[in-house]
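# Examination of the molecular architecture
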Amino acid sequence: MGWIRRDWTPHEADEWSKEDWIAVILSPFSYILITMGLALTLFLQPLGYILLAVGIAITIFLFWVIDPKLTAISSEYEKKQRQYLKELEQIQRWEEE
Amino acid sequence: MVEFTWLDYFWTFAYLILMIGCGAIFYRLGKRSGSDFFLAGRGLPWWLPATSNYATHTATDTPMWFSGWVYAAGLRGLWYSLFTGWCAISAFVSTKIFRRSLAGTQAEWQTLRFSGLGAELMRGWLAGWQFSMCMFIAGWVGIAMGNVCHYAFDWPLWWGLVLFSSLCCLYVIAAGYWGVIIADVQQGITMFLVIILVSVWAGIAAGGPTEIVTKIEAMGRGWMLNPFHFTGWFSGDFPIMWLITMVAVPFLGGLGMATHFDWFVEAQRIQSARNIKDASYSIWWGTAAVIVRNSIWAFAVLAFFVIYPDLTDQSDYQLAWFRIGFEFFPVGMVGFFFAAILAIHISTVAGVLNLGSMYATRDLYHHYINPKASEKQVVFVGRLMTVVVLFGSFFFGLMIGEDVTKWLLFALWLMVAGTWLPNILQIIWWRFNAWGYLSAWVANLGVCWLVVWVLPAFGILTDLPDYVQFWLLMLLVGVIYLPITLLTKPDDMDRLVKIYVQTRPIGFWGPVRKEAERRGLLRAIEMMDLQAEMEARKEAGNGMD
């Protein structure tokens, strides 16, 4: 699936892209289909099997799409976190400024 | 009345010792610093906060209101439970933004997102609000435990409220969030196991899945097995407009922060995760466990319906899940079931006690009263505030009494209606300022009580369906905060640029992004990233040599 990008530099991953849209749109469907599908499956309803299977497939696809991007963002941000935390503590102790 | 054997007592006491033991074991970690007492040092792998999310959101009242919905409305009741769906979008939008802000609480976020006096007022307002809300939540969860103990052992309501929340408070005082998170893991696993077992036992008692379906259809209530059975666009109990509200409000709410009051609990888990990816995963998978739990519960409740189809009083059928365990589990297993109820109860109370204490300590004491407080003082005040939240919960619990579901609907749904859109706007629109946000919170509080309680009581307004009340409240509050936003100055550009560069919010941030680019801040970050990547590649190359 060449139209899905799975190789990101940290800076590129910071920008909103179609991979984010895919995750945001598919994620609610994943929750809804798993909820309804599992409930109906427990009552052995054929519709339940279909909804649950589609829900699981969507979930796997969604994380396949978004995981590389989240990994890239995280690795970049951890390097800056220390400085940001220091600044946060300065705001917290505002009397010292 | 439930009779306990020695084995039942064994399970109950063993479990209590195990939970309180967690506090003793993690005592040393909890007292190291404020960051440890409230955020477990911000270094947890995703599955720890995810399990904690799941455990905290499975409270003693949860099977009550869930049983109430499904017993009365069949599988359509599952749509109600999808209010947790905000995590679906939040995990990839607002969770990322909030984690990057590093704000310990939602109140702290206010002084990062907004500027000046308005930001400080918002921080103080939210801190006080959440401090009170944590007492309220611990109170209604506590009184739900009181109701369970009243049903099972014929105890007065306040015994169940006071006894178990107080025991739970012991390990929260000792180990803070470390104790909460570690206890949540074993509590989460225990309760999931018992939830499955109860459904299995319920299924067996009702004759199996096929028999349950046959019996429900024979009663002429086949619609209970259809989650898509609606009663027209606007009419009946379950119109499609209700469904649209049920889906749109939680899912779109994930674009913002604090759109549901669960957010405040999740915010603590988000910041305790070790990085952005772990924070996102913890939110998504913790809620995935919640929705799976709901489906398993629905099976048990409909099995109960087949066994007891004629209950008409909500206070009777809202105990469906508890009754299955107490009435159908074999001797010796009832104590294990009760231990699981304790796990369900204590995991939520523990999380809320620590969270309320965090708002009181970090946002009120440390920020306003004693900014120069040492880590030792912060931890001490954190412990003291934990006890204050506990006592406050007793007050609220006794006020709520037996009608748990009614209060929950009000708190979950309507009390957040007026702030729903402002909570999204603060993320997606740079021009939305502290004054607009503050006015939305204050107006919502007044308008909400007027529309839901006061005006209907005086016959000025008819009782509206809950989904209509939601949109009405949203509009009425909007009439107040939108003009205030546009008539007051935007937040300070320095503050906006700083939060934009750090958190990278989505939506309408054009002027702020332009200013950040003009100052070379985005380019500077790109260069830092490239440099870091080159260094990493160089290190990897050296490793190969």
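Residues numbered from 1 in each chain as written. Chains lettered and ligands numbered in written order. Predicted model: local features only at pLDDT ≥ 70, side-chain atom pairs only at ≥ 80, totals over all residues. Heavy atoms only, no water.

### Some remarks on the nonpolar core
Just so we agree on the cut-off: By convention a nonpolar core is built from buried Ala, Val, Leu, Ile, Met, Phe, Trp, Tyr and Cys residues, the set being connected through side-chain atoms within 4.5 Å. Accessibility here uses a 1.4 Å probe with only protein chains present; expressed as a share of the type maximum, an area under 20% marks a residue as buried, one over 50% as exposed, and anything in between as partly exposed. Whether two residues touch is decided by their heavy atoms; if any such pair falls within 4.5 Å, the residues are in contact.
Ranked by size, the top nonpolar core spans 226 residues in total, and within it B:Phe92, B:Trp321, B:Phe326 and B:Phe338 carry the most contacts. Ignoring anything within four residues of it in the chain, the contact list for B:Phe92 reads A:Trp16, A:Ala23, A:Val24, A:Ser27, A:Leu62, A:Phe63, A:Ile66, A:Leu70 and B:Trp284.

### Side note on the packing of helix α21 (residues 417–428) of chain B against helix α23 (residues 466–487) of chain B
Residues and elements named next belong to chain B. Counted only if it meets this: Here an axis means a line fitted to C-alpha atoms, over the contact stretch when the element is a helix, while the angle between two N-to-C directions is reported on a 0 to 180 degree scale. Going along the chain from the N terminus, every DSSP run of H or I of four or more residues is numbered as a helix, and every run of E of two or more is numbered as a strand. Each angle receives one of four descriptions, namely roughly parallel if under 35 degrees, roughly antiparallel if over 145, roughly perpendicular if within 65 to 115, and oblique otherwise. Each crossing is labelled by how the near helix is turned from the far one, with a counterclockwise turn of less than a right angle marking it left-handed and a clockwise turn marking it right-handed. We call Asp, Glu, Lys and Arg charged. Ala, Val, Leu, Ile, Met, Phe, Trp, Tyr, Cys and Pro are nonpolar, and the rest, Gly among them, are polar.
Two elements in contact, α21 and α23, have axes whose closest approach is 6 Å; the angle formed by their N-to-C orientations is 60 degrees. If you check the angle between α21 and α23, you find them oblique. Between α21 and α23 lies a crossing of right-handed hand. Touching Ala417, Gly418, Trp420, Leu421, Pro422 and Leu425 of α21 are Phe470, Leu473, Met474, Val477 and Tyr481, all from α23. Grouping the constituent residues of the contact of α21 with α23 by class yields 10 nonpolar, one polar and no charged.

### Observations regarding the confidence of the model for chain A
To be explicit about the condition: For every residue, the predictor reports its confidence as pLDDT, a number between 0 and 100.
Residues with a pLDDT of 70 or more make up 89% of chain A, whose mean pLDDT is 87. Here helix α1 (residues 10–14) of chain A stands out as the least confident element of chain A, with mean pLDDT 85; helix α2 (residues 18–42) of chain A is the most confident, with 96.

### Observations concerning the packing of aromatic side chains
Rules: In this scheme Phe, Tyr and Trp rings, the latter by its six-membered ring, pair at centre separations within 6.5 Å, and the angle between planes marks the pair as stacked below 30 degrees, edge-to-face above 60, and tilted otherwise.
Scanning the model with the defined rule gives 59 aromatic pairs over all chains in all. A centroid spacing of 5.0 Å and a plane angle of 45 degrees characterise the contact between A:Phe43 and B:Phe299, whose relative ring orientation is tilted. Taken together, the residues A:Phe43 in the loop between α2 and α3 (46–92) and B:Phe299 in helix α15 (residues 276–307) connect one chain to another. In this structure, A:Phe43 and B:Phe299 share a single accessibility class: buried. For the ring pair B:Trp79 and B:Phe228, a centre distance of 6.1 Å and an interplane angle of 65 degrees mean the geometry is edge-to-face. With a gap of 149 residues between them, B:Trp79 in helix α6 (residues 77–81) and B:Phe228 in the loop between α12 (209–218) and α13 (240–253) connect regions that are remote in the sequence. Since its relative accessible area comes to 37%, B:Phe228 is described here as partly exposed. The structure contains a cluster of three or more aromatic residues connected by ring pairs, namely B:Phe66, B:Tyr151, B:Trp201, B:Trp297, B:Trp321, B:Phe322, B:Phe326, B:Phe329 and B:Phe337.

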